Amino acid sequence: MGTQNIQPAIVQFAQLDKLLALGRANSLWPMTFGLACCAIEMMATGASRFDLARFGAEVFRPSPRQCDVMIVAGTISKKMAPAVETLYDQMPEPKWVIAMGNCAISGGPFVFEGQYGIVEGADKLFPVDVFIPGCPPRPEALIEGILELEEKVTGSRRWPRVEVG
Amino acid sequence: MTLDPEIIRLLAFLVGVIAFASFNAAYLVWLERKEAAHIQRRIGPKEVGPFGLLQPLVDGIKLMTKQLIVPAGVDPVLFKIAPILVMVPAIMSFVTIPFSETLVARNLDLGLLVISAFASVNFLGLLLGAWGSRNKYAVISAGRAFSQNVAYEIPMLVIVVTLVMVSGTMNLTEIVGLQMGGFWHWNILNLAASPLMPVAFLIFFVCMLAETNRAPFDMSEAESELVAGAFTEYSGMGFGVFFMGEYANIVIGACVATILFLGGWHSPFPDTIPFFGASSVIWFLLKMYFIIFTVIWIRWTFPRTTFYGLLNLSWKILIPISFVNLILTSAMLKVF
């Protein structure tokens, strides 16, 4: 399926759409849901040193009905895949997916010839908006991923990108 | 043709009450997130507007434009009216609440009775929503909420009856009027009526926590056990209205505690300092928000109790003490 490609709506209200996009981007409620060790980093992101709450994204809702973004944090085993898919289907639109860590991107270290238990990447199951590399990614990387998602929703970046020299 | 000023007054109060309830519901969420953050040594929302003050607005926009899922197999009528059934009684209760001597929409003689009656409708809304959404977690949550409501309504009402006996009226304005003249006249320190009055306030406060489904008594929304309890199937603004109703009910509970025990709009030190010595709506709001602050403080400090602990606390401790208080008060009223 690859990266999600959303067609623009037929009827558009320019300013209103911008306002709605701002609203959605600044209140991304993730799902309380972790699959493997990346979830520990996700918890650290919500805790006091990194504080995801600054961006209004700390409301980890336990029910998929109230979530906006699904952070796939960890390895998706074939046994877990149907449950993860169901969770994705249960989320109301508009919804986004962040694939966090190498396992959720491509299967990570579990990809080898003859492996039988691992889904090789979350994008095999449903469209993914932001990929965060790392094994596991640091909490800063997850925050950067959420900012990236905000940029995708609103079309403008919150801060200028930091150039690595 | 002249318009009756009473009608204009009522309309103004209607708009004012709805605005006050919604404003509080929205900004108490902000207060809760900020306070939780500072208790956990975080900063909390700060990027969306100054001090994160636009966060409730942004959340509102998001919730309103979210898809409203009505899952297959739910009872469509119950599922849709349940959030309103939680919100409406809270707004209705504001009608009788006196914010100051003159600032009251309708000064009912049975104001306390009206508020007690509406306080149970709120639980009915939760129950119907959970039952209507045809979800196992929600139904378990409804069962818990119901037994919790039955257990905590009794001590709360016994305390309220005690205060009605002390005051001799159910009119909220008169109850506050009797507590005039310094904090030693407030009902919480009214030791002449019953030496157990501070304990009665404590019981009322605990029951208020339980009635409004707040931690450590949030058994019906226990995330670690029941997904999101009664709200599991609600998305978008259906969930948003439930949430606003919960906060509006906290405001009502804090208002009633202020009126019954903390002397309403009366200043604790009358006629001392020029401005703050005077009794005004400022004192009412100060006391009310202090109680709300404490409610949020407790939520982020104490872990959730077990369900049996919750029921045992009510049936074995709170109800006997509140009955002892009732008998003691009636005996002291008879003797002195």
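As the structure is a computational prediction, the values presented were derived from the model and not from experiment.

The rules behind these values
- Residues numbered from 1 in each chain as written.
- Chains lettered and ligands numbered in written order.
- Predicted model: local features only at pLDDT ≥ 70, side-chain atom pairs only at ≥ 80, totals over all residues.
- Heavy atoms only, no water.
- 1 Å grid on protein atoms, 1.4 Å probe; cavity = no way out; pocket = protein on both sides within 12 Å on 5 of 7 lines; lining within 4 Å.
- Points joined across faces, edges and corners; volume = space filled by probe spheres on them.
- Helix = DSSP H or I, 4+ residues; strand = E, 2+ residues; numbered from the N terminus.
- Nonpolar A, V, L, I, M, F, W, Y, C, P; charged D, E, K, R; others polar.
- Buried < 20%, exposed > 50% of the residue type's maximum accessible area, 1.4 Å probe, protein only.
- Contact = heavy atoms within 4.5 Å.
- UniProt positions renumbered as here; feature names shortened; annotations may be inferred.
- Patch = residues over 30% accessible without salt bridge, like charges linked within 9 Å, V, L, I, M, F, W, Y side chains within 5 Å.
- Areas by Shrake-Rupley, 256 points an atom, 1.4 Å probe, with all protein chains shown as cover.
- Salt bridge = Lys/Arg side-chain N within 4 Å of Asp/Glu carboxyl O.
- Polar contact = N/O pair within 3.5 Å; in protein donor to acceptor, adjacent residues only side chain to side chain.
- Axes fitted to C-alpha atoms, helices over the stretch in contact; angles between N-to-C directions.
- Parallel < 35°, antiparallel > 145°, perpendicular 65-115°, else oblique.
- Left-handed = near helix turned anticlockwise from the far one by under 90°.

**Some words on the layout of surface pockets**
In this structure, the largest pocket encloses a volume near 1,300 Å³. Surrounding the largest pocket, 48 residues form its lining, E58(A), V59(A), F60(A), R61(A) and F243(B) being those nearest its centre. Where the lining of the largest pocket is concerned, the elements lending two or more residues are helix 2 (38–46) of chain A together with helix 1 (5–39), helix 2 (55–64) and helix 9 (236–261) of chain B. It is helix 1 of chain B that contributes the most residues to the lining of the largest pocket, eight residues altogether. When the residues that make up the lining of the largest pocket are grouped by side-chain class, the tally is 27 nonpolar, eight polar and 13 charged.

**A word on empty space enclosed by the protein**
Residues and elements named next belong to chain B. Per the counting criterion, the structure on display carries two cavities of 30 Å³ or more. Looking at the largest cavity, its volume works out to about 260 Å³. What lines the largest cavity is a set of 20 residues, and nearest its centre among them are I115, A119, M156, E211 and I252. Contributions of two or more residues to the lining of the largest cavity are made by helix 3 (76–94), helix 4 (111–132), helix 5 (136–167), helix 7 (197–211) and helix 9. In terms of residue count, the dominant contributor to the lining of the largest cavity is helix 4 (five residues). Of the residues in the lining of the largest cavity, the class split is 12 nonpolar, six polar and two charged.

**Section: unusual backbone geometry**
For residues that are not glycine, phi is negative in most cases, and the peptide bond is trans in most cases. Note that the residue after E93(A), namely P94(A), is joined by a cis bond; omega there is -10°. The topology assignment puts P94(A) in the loop between helix 3 (81–90) and strand 2 (96–100). Backbone torsion omega between C135(A) and P136(A) reads -10°, so that peptide bond is classified as cis. Checked against the element boundaries, P136(A) lands in the loop between strand 3 (130–132) and helix 5 (139–154). Even without glycine at this site, F51(B) takes up a positive phi of about 55°. Along the chain, the position of F51(B) falls in the loop between helix 1 and helix 2.

**A few points about the environment of P137(A)**
All names here are of chain A. With respect to the secondary-structure elements, P137 resides in the loop between strand 3 and helix 5. For P137, a relative accessible area of 1% puts it in the buried group. For the pair P137 and M91, spaced 46 residues apart in sequence, the C-alpha to C-alpha distance is 25 Å. In this structure, P137 is in contact with C38, E41, M100, G101 and I132, ignoring residues within four places of it in sequence.

**Some thoughts on the UniProt feature "binding site: [4Fe-4S] cluster" (unreviewed entry) in chain A**
Residues and elements named next belong to chain A. In the numbering adopted here, UniProt assigns the feature "binding site: [4Fe-4S] cluster" (unreviewed entry) to C37, C38, C103 and C135. Annotated residues spanning 99 residues; largest pairwise C-alpha distance 10.2 Å, indicating a single compact cluster. Mapped onto the elements of the fold, C103 is located in helix 4 (residues 102–106). Looking at C103, the relative accessible area reads 10%, which means it is buried. With residues up to four places along the chain from it excluded, the contact list for C103 reads G74, T75, G108, P109, F110, V119 and G121.

**Things to note about a nonpolar patch on the surface**
On the surface, a nonpolar cluster with roughly 560 Å² of combined accessible area is contributed by I10(A), V11(A), F13(A), L16(A) and L19(A). In this structure F13(A) comes out as partly exposed when scored by relative accessible area, which is 48%.

**With respect to the pattern of salt bridges**
Applying the stated criterion to the full structure yields 16 salt bridges over all chains. Among the salt bridges present, the one from D68(A) reaches K66(B), with a minimum N-O distance of 2.7 Å. Remark: K66(B) occurs in the loop between helix 2 and helix 3 and D68(A) occurs in the loop between helix 2 and strand 1 (69–73); the pair is interchain, linking two chains. Taken as a pair, D68(A) and K66(B) share a single burial class, namely buried. Among the ionic pairs, K46(B) bridges to E47(B), the shortest N-O distance being 3.0 Å. Residue K46(B) is classed as partly exposed on the basis of its relative accessible area, which comes to 36%. The class for E47(B) is partly exposed, based on a relative accessible area of 23%. When salt bridges with common partners are traced through the structure, they connect E144(A), E148(A), E151(A) and R157(A) into a single cluster.

**Notes on the interface of chain B and chain A**
In this assembly, 32 residues from chain B lie in contact with 33 residues from chain A. Between chain B and chain A we count five salt bridges in total. As a salt-bridge pair, K62(B) and D68(A) come within 2.7 Å of each other at their nearest N and O atoms. Linking chain B with chain A are 21 residue pairs in polar contact (both at pLDDT 80 or more). Counting only elements with at least two residues in the side of chain B that touches chain A, the list comes to helix 2 and helix 9 of chain B. In terms of residues, the side of chain B that touches chain A owes the most to one element, helix 2 of chain B, which gives six residues. A class-by-class count of the residues in the side of chain B that touches chain A yields 13 nonpolar, eight polar and 11 charged.

**Thoughts on the packing of helix 1 of chain B against helix 10 (residues 281–299) of chain B**
All names here are of chain B. Orientation of helix 1 relative to helix 10, taken along the N-to-C sense of each, is 45°, at an axis distance of 10 Å. Judged on the interaxial angle alone, helix 10 and helix 1 are oblique. Seen along the crossing, helix 1 lies across helix 10 with a hand that is right-handed. Only L285, M288, Y289, I292, F293, I296, W297 and R299 of helix 10 make contact with helix 1, whose side of the interface consists of F20, N24, L28, L31, E32, E35 and I39. For the contact of helix 1 with helix 10, a count of residues per class yields 11 nonpolar, one polar and three charged.

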